Amino acid sequence: LKTPRDRRHRHQIAHARTRPTRSGDDRTPVRMAARAGRSQRRGRASRCGLRQLRAAGAHCADELLDAHATHPDWRQALSLALVQIDAQRRRGAAPPTLGLLYVTDHYAGDADALFDALRRQWPGVSWAGTVGVGVAAGGVEYIDEPALALMLTALPRERFRVFSGAQPLGAFAAHTALVHADGTTPDLGELIGELADRTASGYLFGGLASSRGAVLQ
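Residues numbered from 1 in each chain as written. Predicted model: local features only at pLDDT ≥ 70, side-chain atom pairs only at ≥ 80, totals over all residues. Heavy atoms only, no water.

Colleague: I tried to follow the sheet that holds strand 4 (residues 126–132) on my own but got confused; where do I start?
Modeller: Backbone hydrogen bonds are what pair the strands of a sheet, in a parallel or an antiparallel way. The strand order 2-7-3-4 describes an open sheet built from four strands, whose pairing is mixed. Either end of the sheet is taken by a strand with one partner, and the two such strands are strand 2 (64–70) and strand 4. Ignoring which end each strand starts from, the neighbouring axes of this sheet average 15° apart. As judged from the seven bridges shared by strand 3 (residues 98–104) and strand 4, these two strands associate in the parallel manner. Considered in strand 4, the bridge of Thr104 is made with Gly132. In this fold helix 2 (residues 74–88) packs onto strand 2 and strand 7 (147–153), with an angle of close to 150° to the strand it touches most, strand 2. (Pairing = 2+ DSSP bridges. Helix = DSSP H or I, 4+ residues; strand = E, 2+ residues; numbered from the N terminus. Axes fitted to C-alpha atoms, helices over the stretch in contact; angles between N-to-C directions. Contact = heavy atoms within 4.5 Å.)

Colleague: So what exactly am I meant to see when it comes to the side chain of His180 here?
Modeller: Note that His180 resides in strand 9 (residues 174–182). Polar side-chain contacts of His180 include one of 2.7 Å to the side chain of Tyr102. (Polar contact = N/O pair within 3.5 Å; in protein donor to acceptor, adjacent residues only side chain to side chain.)

Colleague: Where do I start with unusual backbone geometry in this structure?
Modeller: Among all residues except glycine, the phi angle is most often negative; among peptide bonds, the trans geometry is most common. Even without glycine at this site, Asp144 takes up a positive phi of about 55°. Residue classification places Asp144 among the partly exposed positions, given a relative accessible area of 44%. Positive phi, normally seen in glycine, also occurs at Asp187, with a value near 60°. With respect to the helices and strands, the residue Asp187 is situated in the loop between strand 9 and helix 4 (188–197). (Buried < 20%, exposed > 50% of the residue type's maximum accessible area, 1.4 Å probe, protein only.)

Colleague: Can you walk me through the pairing of strand 3 in this structure?
Modeller: Side-chain positions along a regular strand alternate between the two faces of the sheet. Most of strand 3 sits inside the fold, with seven of its seven residues counted as buried. For the segment spanning strand 3, helix 3 (residues 111–121) and strand 4, crossover handedness is right-handed. As judged from the six bridges shared by strand 3 and strand 7, these two strands associate in the antiparallel manner. Pairing of Gly99 across the sheet is with Leu152, part of strand 7. (Right-handed = clockwise from strand over helix to strand, strands pointing away.)

Colleague: Sorry, what's going on with the confidence of the model for the chain here?
Modeller: In low-pLDDT segments, the atomic positions of the prediction should not be examined closely. Averaged over all residues, the pLDDT of the chain equals 75, while 70% of them reach at least 70. Across residues 17–51, where pLDDT falls below 50, the model places 99 contacts with residues more than four positions away in sequence or in other chains. Under a pLDDT of 50 for its full length, residues 53–60 has, in the predicted model, 28 contacts with residues more than four places off or in other chains. (pLDDT = per-residue confidence, 0-100.)

Right, dumping it as structure tokens:
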């Protein structure tokens, strides 16, 4: 996930089942949110997101690694989270393929550097996430303080796509989608409906970004 210079480009994750799904048109939905009268929850979507992705298809990974930390310096917070992730990994476990990162807006200005550090730590992992005034993880809520929540899993690569306006979903047959977006985006309801129609289940989940500074997805 890159912090977009163009606010219309939103990184999302779509997950597929093995059975055929109905196809949609070739328009790429952009500027999407995770709330529109469907089963969306704001703020607490981070932990349930990967579990929902895992439950959506057969033969998915059985390991969900999650960590969270707070520190004035994002580097120290990330180091604390990495220690937690390493402690959870089983010997011989498959390398992670998909990661989610949720940060409070205290780290918004350092998002590029933070994601660069994650890519160096786990080359080849596809990343998505967003920013909020607060994040919740593991029964802990970090409100109005610098914090991050990190999750990793080893979903088969053919079972998901990370997509955005700059990286279209294309012909991928999605069963469901994890979506993040800026709640101030115009025509949000229409865009959410378009995306839901492109999934076999019509089910979207995720969260709306909230920030007192940069809005990142």
